[in-house]
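Each chain is listed here by its residues.
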Amino acid sequence: MGCCTSTESKRDWKPLEERSCTDIPWLIIFTVFCIGMLCICGYPIATGAASRLISGYDSYGNTCGKNNTKIEGVPLSGRDMTENKYVFFLDPCNVDLINRKIKSIALCVSKCPAAELTSYSDLKQFALNNGSHLCSYDITPTRYTGHGDRFTKCPKLPVVPSKPIPVLHRCIPVDVGCYAEFAQAFITFVSDNTVLRRIVAGVMASKEIIMGLCVLALVLSLILMVVIRYITKVLVWILTVLVVIGSIGGTAVLWWLYVDHRKALDSNTLSVFGKEVASDNVKALLIYAIVATIFTVVLLLVMFFMRKRVALTISLFHVAGKVFIHLPLLALQPFWTFLCLMLFWVYWIAVLLALGTSGTPVKNNSTGVVEYQMQGPLQYLVWYHAVGLIWISEFILAFQQMTIAGAVVTYYFTRNKSQLPATPILSSMLRAIRYHLGTLAKGSFIITLVKIPRLILTYLHTQLKGKENACARCMLKACVCCLWCLEKCLAYLNQNAYTATAINSTSFCTSAREAFVILVENALRVAAINTVGDFVLFLGKILVVSCTAFAGVLALNYQRDYTVWVLPLLIVCLFAFLVAHCFLSVFENVVDVLFLCFAVDTKYNDGSPGREFYMDKALMEYVENSKKQGLYKSGDGDGREMKPMARGGTSA
């Protein structure tokens, strides 16, 4: 299970030839962990907490709609609430914003008041007509008008109309004005601020245009994925020219400023104080100019040595476009992943809310209200549940990466593309489920180990902001940044490890080690792909957002119902960027997978009989040009031969 030991000293890469289950111990651990998550879900169901969450309960521990048992020390507990199915709050506007709960006394009633009740006589008449008692259980309806405790045990007047939530059975006031105690400032702002009112009116009036522009962003993203391979070369040249001009121009300006300030310092026109300031400026400009010169020289040298390897990025983008032509459903992977994440998050939040109503009923002596608290080891269930949120979410994302990697690997290492599996993406998913769930569990757990302390440190930094000294604040921020960088590096290595697993069906540690070796051997190529490729994709996102925003301006120009376009355009641009990011992130994953396949292909094959390349024609042209320019040598690597696949294609 460790990553530091291996029984294999040397092993050939044999793509798609052998399949075996990988990291079985980690699959067992992950399965046991998921069973624990289900047990956490079952605990509130078995103890009645889930029923209390859905049906609601009053301030005395009685679950609404149920026949309850007596709670020791609580006189009003243990009542039969079969007919009283709704929770009614005596003062629903008494909200504790810090603890995020309603501080009012809660009762179980048979019906929520549908009309405003302005007096205790109205409360009495409502109870007699509907059988719904809105005052405390120890006061009969006939005594509502004259009871001495009616001001504390009856609802605050006037009682605003309310209706029950369909699922959670709580009586919620329909009049937003009842929340004036904590929302008065916002309501006043909305009513007095005509600009905000115009913005809100603009969104409501332009909802059809917003939906149309969102569809346009979706279409533009799909088109961009197809045509980006044709404009990559142009974008690369634009990037190169901008970087060269910007670095040289900035350095030249700094040296010009240094010379100009130096001349002014040498002149005798400055006062004593002016000379001190000018001297400091000259020293600073000299340092800036020297640093800028060193940076420019290093940058130009790196670009000079990488200039020919940038062609690999262009070729990979070209091949990635062909992959999406053969496997168009790859573009839908973010939607399926997002749907799975949303379903899991909804489940997770529901269980978390159920845990909030779990535990032993405890009476608050100061208020007399019954609260449910988990005590002893049970209170750590929430922490277990929180770890499950991160681990399982990362597992779902890893499954998407493995699915993409498996489909692209199948495409790359199938010589006859006409003999690809009928459903390569589905076949990749089934392979991942059948053989590699343990690998996904291990890889996602490693990310979880880094993400949890980073989130904890981020939380501490937020909570202690302004309370700790500057040194501690800087150290805490540095730790957060280091963990963030480590998380990104591990995520990139994990992605390549999943690709290696998809190729060779090896365990996570073996795949990660071999992928790391391949990446180190092709460090300059990796740098070119990650810098140029990411910049090109970023420009693609900006292109989609810009085109969508331009179309939005043209469309909104004909809408005369309002004058403020800020919020509609912001909504459209945000959605356009998210859509473009989802599609182009898949495109980026495909490029990374293709690069690892290409690196393995060029390391173990040289195009000779018996060692034919698997690569696409575009990549073959890159290799031929590289041979002519001396960038690629036949048999690069340790000379191990990769057994070629049969020309008839591969099985799914």
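Residues numbered from 1 in each chain as written. Predicted model: local features only at pLDDT ≥ 70, side-chain atom pairs only at ≥ 80, totals over all residues. Heavy atoms only, no water.

**Examining the overall build of the protein**
The helix and strand tally for the protein stands at 18 helices and 8 strands. When contacts within the protein are restricted to residue pairs at least 6 apart in sequence, long-range pairs at least 24 apart make up 73% of them. Accessible surface, the protein as shown: approximately 34,000 Å² in total, 67% of it carbon and sulfur. (Helix = DSSP H or I, 4+ residues; strand = E, 2+ residues; numbered from the N terminus. Contact = heavy atoms within 4.5 Å. Areas by Shrake-Rupley, 256 points an atom, 1.4 Å probe, with all protein chains shown as cover.)

**Describing the environment of Lys111**
Checked against the element boundaries, Lys111 lands in the loop between strand S4 (106-109) and helix H3 (120-130). For Lys111 and Leu134, which are 23 residues apart along the polypeptide, the C-alpha to C-alpha distance reads 9.2 Å. If we skip the residues at most four places from it in the chain, Lys111 touches Tyr86, Phe126, Asn130, Ser132 and Leu134. Of the polar contacts made by the side chain of Lys111, one reaches the side chain of Asn130; its length is 3.3 Å. (Polar contact = N/O pair within 3.5 Å; in protein donor to acceptor, adjacent residues only side chain to side chain.)

**Comments concerning the state of the cysteines**
Tallied over the entire structure, the rule returns 3 disulfides. Cys112 shares a disulfide with Cys171; S-S distance 1.8 Å. With the S-S dihedral at roughly -75°, the linkage between Cys112 and Cys171 falls on the left-handed side. Placement of Cys112 in the loop between S4 and H3 and of Cys171 in strand S6 (residues 171-173) is noted, with a sequence separation of 59 residues between them. Disulfide pairing is shown between Cys135 and Cys154; the S-S distance is 2.0 Å. (Disulfide = S-S within 2.5 Å.)

**Points about the packing of helix H1 (residues 24-46) against helix H10 (residues 333-356)**
Where H1 contacts H10, the two axes come as close as 9 Å, and the packing angle between them is 45°. Compared by their axis directions, H1 and H10 come out oblique. The chirality of how H1 crosses H10 is left-handed. Counting all contacts with H1, which are made through Met37, Leu38, Ile40, Cys41, Tyr43 and Pro44, the residues of H10 involved are Tyr347, Trp348, Val351, Ala354 and Leu355. For the contact of H1 with H10, the residue count by class is 11 nonpolar, no polar and no charged. (Axes fitted to C-alpha atoms, helices over the stretch in contact; angles between N-to-C directions. Parallel < 35°, antiparallel > 145°, perpendicular 65-115°, else oblique. Left-handed = near helix turned anticlockwise from the far one by under 90°. Nonpolar A, V, L, I, M, F, W, Y, C, P; charged D, E, K, R; others polar.)

**Things to note about the packing of aromatic side chains**
Within this structure, the stated rule accounts for 14 aromatic pairs. Centre to centre, the rings of Phe324 and Phe587 are 5.7 Å apart; their planes meet at 5°, and the pair counts as stacked. Here the residue Phe324 occupies a position in helix H9 (residues 310-326), and Phe587 occupies one in helix H17 (residues 566-604), the gap between them amounting to 263 residues. For the pair Phe324 and Phe587, a shared accessibility class is recorded, and that class is buried. (Phe/Tyr/Trp six-rings, centres within 6.5 Å; stacked < 30°, edge-to-face > 60°. Buried < 20%, exposed > 50% of the residue type's maximum accessible area, 1.4 Å probe, protein only.)

**Brief notes about unusual backbone geometry**
Looking along the chain, the bond that leaves Leu157 and enters Pro158 is cis, with omega of -10°. In the Ramachandran plot, Asp23 falls in the positive-phi region, its phi being about 55° despite a non-glycine side chain. By the secondary structure assignment, Asp23 is in the segment before H1. Of note, the phi angle at Ser505 is positive, near 60°, even though the residue is not glycine. Locating Ser505 in the fold gives a position in the loop between helix H14 (470-504) and helix H15 (508-521).

**What about helix H12 (residues 424-435)?**
Every α-helical turn comprises 3.6 residues, leaving residues that sit three or four positions apart pointing alike. With 12 residues, H12 should cover 16 Å at 1.5 Å per step; its first-to-last C-alpha distance of 16 Å lies within 8% of that length. Listed as buried for H12 are Pro424, Ile425, Ser427, Ser428, Arg431, Ala432 and Tyr435. Buried positions in H12, seen along its axis, are confined to an arc of 160° and lie on one side of it. Of the exposed residues in H12, the ones pointing more than 90 degrees away from its buried face are Leu430 and Arg434. (Expected span 1.5 Å × (residues − 1). Arc of directions from axis to C-beta.)

**Observations concerning the confidence of the model for the protein**
Model confidence for the protein is summarised by a mean pLDDT of 76, while 77% of its residues fall at 70 or above. Here residues 179-199 is a poorly scored stretch, pLDDT under 50, and it has 19 contacts once near neighbours within four places are set aside; other chains count. Confidence drops under pLDDT 50 across residues 560-564; counting only partners more than four residues distant or on other chains, this segment forms 9 contacts. (pLDDT = per-residue confidence, 0-100.)

**A look at the side chain of Arg150**
For Arg150, the location among the structural elements is in helix H4 (residues 150-153). No salt bridge is formed by the buried Arg150; its nearest oppositely charged neighbour, Asp149, is found at 8.6 Å. From its side chain, Arg150 meets the backbone oxygen of His147 in a polar contact 2.8 Å long. The residues touching Arg150, leaving out its near neighbours within four places in the chain, are Tyr120, Tyr144 and Thr145. (Lys, Arg positive; Asp, Glu negative; His and termini not counted. Salt bridge = Lys/Arg side-chain N within 4 Å of Asp/Glu carboxyl O.)

**Re H9**
Here H9 contains 17 residues, and its C-alpha end-to-end distance of 25 Å stays within 8% of the 24 Å for a straight helix at 1.5 Å per residue. Within H9, the full set of buried residues consists of Val310, Leu312, Thr313, Ser315, Leu316, Phe317, Val319, Ala320, Gly321, Val323 and Phe324.

**Side note on the nonpolar core**
Counting 76 residues, the largest nonpolar core has Val323, Leu330, Tyr412, Phe587, Val590 and Leu594 as the members making the most contacts within it. Ranked by size, the runner-up nonpolar core spans 30 residues in total, among them Met81, Phe126, Tyr137 and Val159. (Core = buried A, V, L, I, M, F, W, Y, C linked by side-chain atoms within 4.5 Å.)

**A word on the side chain of Thr448**
With respect to the helices and strands, Thr448 occurs in helix H13 (residues 437-463). Overall, Thr448 belongs to the buried group, its relative accessible area being 2%. Once residues within four sequence positions are removed from consideration, Thr448 is found in contact with Ile390, Trp391, Glu394 and Pro453.

**Points about the pattern of salt bridges**
Oppositely charged side chains are able to pair whenever their charged atoms sit close together. Going through the model one piece at a time under the given rule, you end up with 6 salt bridges. The partner of Lys153 in a salt bridge is Asp149, and the shortest N-O contact between them spans 3.9 Å. Taking the relative accessible area as the measure of exposure, Lys153 reaches 25% and is therefore partly exposed. Overall, Asp149 belongs to the partly exposed group, its relative accessible area being 34%. Ionic contacts of the salt-bridge type, sharing partners, join the residues Glu394, Lys451, Arg454 and Glu487 into one network.

**Focus on the pairing of S4**
Covered by surrounding structure in S4 are Ala106 and Cys108 together with Leu107 and Val109, the residues of both alternating faces. Both strand S1 (residues 86-89) and S4 contribute to a ladder of 4 bridges, which runs antiparallel. When the sheet's bridge partners are listed, Tyr86 is paired in S4 with Val109. (Pairing = 2+ DSSP bridges.)

**Re the packing of helix H11 (residues 381-412) against H12**
Orientation of H11 relative to H12, taken along the N-to-C sense of each, is 125°, at an axis distance of 8 Å. Our classification of the angle between H11 and H12 gives oblique. Our pair here, H11 against H12, has a crossing hand that is right-handed. Contact with H11, carried on its side by Phe399, Met402, Thr403, Gly406, Ala407 and Thr410, involves Pro424, Ile425, Ser428, Met429, Arg431, Ala432 and Ile433 of H12 and no other residues of that element. Class assignment for the residues of the contact of H11 with H12 results in 8 nonpolar, 4 polar and 1 charged.

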